[in-house]
Amino acid sequence: MPLAHVLYEGARSDMRTFGAFLAPVRQRLRALSSQPQQLTLVFDAGAASQDNLASLSSSQDHYVTTVRPSYQVALLSQPSII
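Residues numbered from 1 in each chain as written. Predicted model: local features only at pLDDT ≥ 70, side-chain atom pairs only at ≥ 80, totals over all residues. Heavy atoms only, no water.

### A word on the overall build of the chain
Move 1: A count of helical and extended segments in the chain gives three helices and two strands.
Move 2: In the chain, the order of α-helices and β-strands from amino to carboxyl end is α-β-α-β-α.
Move 3: By the compact-globule yardstick of 12 Å for 82 residues, the chain is too spread out, its C-alpha radius of gyration being 15 Å.
Move 4: Along the first, second and third principal axes, the C-alpha set of the chain runs to 45 × 35 × 20 Å.
Move 5: A buried classification covers 22% of the 82 residues belonging to the chain. (Helix = DSSP H or I, 4+ residues; strand = E, 2+ residues; numbered from the N terminus. Rg over C-alpha atoms; globule rule 2.2 N^0.38 Å. Buried < 20%, exposed > 50% of the residue type's maximum accessible area, 1.4 Å probe, protein only.)

This is the structure:
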């Protein structure tokens, strides 16, 4: 169930916009819950750049997103077991 969201102008890169909306979304989620550590951010591949993922804090952010194949070169180099 979404508790917070952000709308922004079209024709803007999600990767560049993510950092600007992360702080207000965190603040909103913490205002809504007495247990913000139980909340999870969900975002798509458009915002899942290496810089944006690095900006998330393991101590305060739980998240679900997609990971680009190019970020997993070592995993992709493993032979398939199918």
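### Some remarks on the confidence of the model for the chain
Move 1: Predicted confidence across the chain gives a mean pLDDT of 79, with 99% of residues reaching 70 or more.
Move 2: Looking at the elements of the chain, mean pLDDT is at its lowest for helix α1 (residues 14–32), recorded as 80, and at its highest for strand β2 (residues 63–64), recorded as 88. (pLDDT = per-residue confidence, 0-100.)

### Some details on the nonpolar core
Move 1: Residues F18, L22, V25, L29, L39, L41, F43, A47, A48, L53 and L56 constitute the largest nonpolar core, which totals eleven residues.
Move 2: At four residues, α1 tops the list of elements feeding residues into this core.
Move 3: Residues contacting A47, with those up to four places away along its chain left out, are D14, M15, F18 and N52. (Core = buried A, V, L, I, M, F, W, Y, C linked by side-chain atoms within 4.5 Å. Contact = heavy atoms within 4.5 Å.)

### Looking at the side chain of D61
Move 1: Position of D61 relative to the elements: it lies in the loop between α2 (50–55) and β2.
Move 2: Taking the relative accessible area as the measure of exposure, D61 reaches 7% and is therefore buried.
Move 3: In contact with D61, other than residues within four places in its own chain, are R26, R30, L41 and L56.

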